[in-house]
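Secondary and tertiary structure notes
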Amino acid sequence: MSDLIPMLVAKYNYWLYIVLMMIGLYAMIAKNNLIKKLVGMNIFQTSIILFYVSIGCKKGAGIPIIQHGLNTGHHAVDLSQYVNPLPHVLMLTAIVVSVSTFGVALALAIKIYQKYKTLEEDEILARLRPR
Amino acid sequence: MIWQLDLAILTLVIFTAIAAISVKDLLSCAILFGAYSFLMCLLWAIMAAVDVAFTEASVGAGVSTVFFVAAVFHTTRRTRD
Amino acid sequence: MKAAGLIIVLLTGGLLLYATQDFPPWGAPDSPASTHVSPRYLQKAMEETAVPNVVTAILADYRGFDTMFETTVIFCAGIGCFLLLRIFRQKPEDRYYRHIATEITLHIKGGKIPEKSREFERIDTLWTPYDLIIKTMCRILVPFIQLFALYVIAHGHHSPGGGFQGGVILGASIILLAISHNMRTAIARISERIDNLLMAVGVFIYAGIGAVCVILGARFLDYGNLSVVLFVDKIMARSHGIFGVEIGVGITVMAVMISIYNNLASAGKQDEGL
């Protein structure tokens, strides 16, 4: 137990990302309103993107744009000066996919509202059940 | 990569996320969602992920909030929980 | 439901928290994510593609297939919103119009839409009053926003940005026009047909550049062989290939943002909304 506190202090950022993920998961499962579920899904997605981007970080490193002068030729790149760019690339695609999903899901919500006149999940289920 | 700033903004992010799923008015939910996206963009800018921060600022705090408000106008604004 | 949700969340959270004790400490330069492929990308990006922004180089050249299918996903989302919401044959209903100068209200029956003019505005359930300051300021701002968006697309090689971000800002400028003025003003600028065509043109440009590379004898999306067509050396051909691909992504993203906003804000009717 005595090494729990140093471990907590060293990995506090991972614990906070997991708290954010669980907030999003809870909203997706337990909320009744369809749009609240959507917001929960988006919180979940952005928290996972945050986790991925954070594992590419390096202490004391700068942005991954290589400093170069005009016509100086190629010299060796100091790797510890640049942040790892590969998670950034993958997460750009993830953000794009998340906004596309959000747009289509809002269109579905409008259609559901036009048919059932409500956005609460239990009322929709009650209307769907055969009498 | 200043860890104090990172911790402060991460705490604000968690508060905004809890608030966004707890309010009973969907328009307030949309605005809090925009604020959450903006704070995420700040977090990524601190971690030197500038392309991701640029994309999140334009997509999350820009266009996504507009889609949300447009959809709320065509459905209902109140929610029971 | 809430109790079940709480139990699931606590269980999953506990499992994930238990798994974090194996994670590398934050910011270590020798973590497993930074040691296999990405050192090679960081070192060789400048001398193989002449693009200093390593994220753009990886996105459009080393991992070009991912970006092509990401563009296709955005295109499918635009088509999906269009198919879900668009109503082509509408029931004719009464409309109310108001003359701005004299504040006389007209009640038009039978569903005929009058010609668009500056003197009449439509009153419906979502009506907001005519506001001169917002209209004028947004009309002044829109060209500068578009100029900035074109700058972001063109300077993706040297500064953060690229095709996707510039495309979103371009789409946002037209959405600003639709919010501040009428939606019919924005549709008069970029009509629905041109918008749907532009959605497909962007993906076509991306796949077309790949197909040109295949025609010239290399693999799909291998930009080095474009040097035959562009009369530059192989490294600059890769840089120009990245730029062409970013233009395709930007066009598709702009068209999709405009299309999704038009369909969402008018619930498919695309006459006047918000």
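The rules behind the values
- Residues numbered from 1 in each chain as written.
- Chains lettered and ligands numbered in written order.
- Predicted model: local features only at pLDDT ≥ 70, side-chain atom pairs only at ≥ 80, totals over all residues.
- Heavy atoms only, no water.
- Helix = DSSP H or I, 4+ residues; strand = E, 2+ residues; numbered from the N terminus.
- Buried < 20%, exposed > 50% of the residue type's maximum accessible area, 1.4 Å probe, protein only.
- Areas by Shrake-Rupley, 256 points an atom, 1.4 Å probe, with all protein chains shown as cover.
- Expected span 1.5 Å × (residues − 1).
- Arc of directions from axis to C-beta.
- Contact = heavy atoms within 4.5 Å.
- Axes fitted to C-alpha atoms, helices over the stretch in contact; angles between N-to-C directions.
- Parallel < 35°, antiparallel > 145°, perpendicular 65-115°, else oblique.
- Left-handed = near helix turned anticlockwise from the far one by under 90°.
- Nonpolar A, V, L, I, M, F, W, Y, C, P; charged D, E, K, R; others polar.
- Buried area = accessible area lost by both parts, 1.4 Å probe.
- Polar contact = N/O pair within 3.5 Å; in protein donor to acceptor, adjacent residues only side chain to side chain.
- Salt bridge = Lys/Arg side-chain N within 4 Å of Asp/Glu carboxyl O.

1. Details of the overall build of chain C
Along chain C, the regular secondary structure elements total ten helices and three strands. The 274 residues of chain C split such that 46% are buried. Summed over all atoms, the accessible surface of chain C reaches about 14100 Å², with 67% contributed by carbon and sulfur.

2. Topic: helix H1 (residues 3–20) of chain B
Taking 1.5 Å as the rise per residue, H1 of chain B with 18 residues should run 26 Å; its terminal C-alpha atoms sit 25 Å apart, in good agreement. For H1 of chain B, every residue scored as buried is listed here: Asp 6, Ile 9, Leu 10, Val 13, Ile 14, Thr 16, Ala 17 and Ala 20 of chain B. All buried residues of H1 of chain B fall inside an arc of 165° around its axis, so they share one side. Tucked into the core, H1 of chain B has its buried residues touching helix H2 (12–30) and helix H3 (34–55) of chain A together with helix H2 (26–46) of chain B.

3. Topic: the packing of H2 of chain A against H1 of chain B
Where H2 of chain A contacts H1 of chain B, the axes come no closer than 10 Å and their chain directions differ by 15°. By the angle between their axes, H2 of chain A is roughly parallel relative to H1 of chain B. The crossing of H2 of chain A and H1 of chain B is left-handed. Of the residues in H1 of chain B, those in contact with Tyr 12, Leu 16, Tyr 17, Val 19, Leu 20 and Ile 23 of chain A of H2 of chain A are Trp 3, Leu 7, Leu 10, Val 13, Ile 14, Ala 17 and Ile 18 of chain B. Class assignment for the residues of the contact of H2 of chain A with H1 of chain B results in 13 nonpolar, no polar and no charged.

4. Points about the side chain of Ser 37 of chain B
Residue and element names in this part refer to chain B. Within the fold, Ser 37 resides in helix H2. With a relative accessible area of 3%, Ser 37 lands in the buried category. With near-sequence residues (within four places) excluded, Ser 37 lies in contact with Glu 56, Gly 60 and Ala 61.

5. Let's talk about the interface of chain B and chain C
On the chain C side, the residues contacting the 16 residues of chain B number 24 residues. Together, the buried faces of chain B and chain C total about 1700 Å²; carbon and sulfur atoms form 79% of this surface. Considering only the surface of chain B that becomes buried against chain C, Asp 51, Phe 54 and Phe 67 of chain B emerge as the three largest contributors, covering 34% of it. Viewed at the interface, chain C and chain B are joined by four residue pairs in polar contact (both at pLDDT 80 or more).

6. A few points about the pattern of salt bridges
What the rule picks out here adds up to ten salt bridges over all chains. The salt bridge partner of Glu 123 of chain A is Arg 127 of chain A, with a shortest N-O separation of 3.7 Å. Taken together, the residues Glu 123 of chain A and Arg 127 of chain A, both in helix H5 (residues 121–128) and four residues apart, mark about one turn of the helix. Residue Glu 123 of chain A is classed as partly exposed on the basis of its relative accessible area, which comes to 27%. Members of the salt-bridge network, linked through shared partners, are Glu 120, Asp 122, Glu 123 and Arg 127 of chain A together with Arg 80 of chain B.

In short, geometric facts, not functional conclusions.
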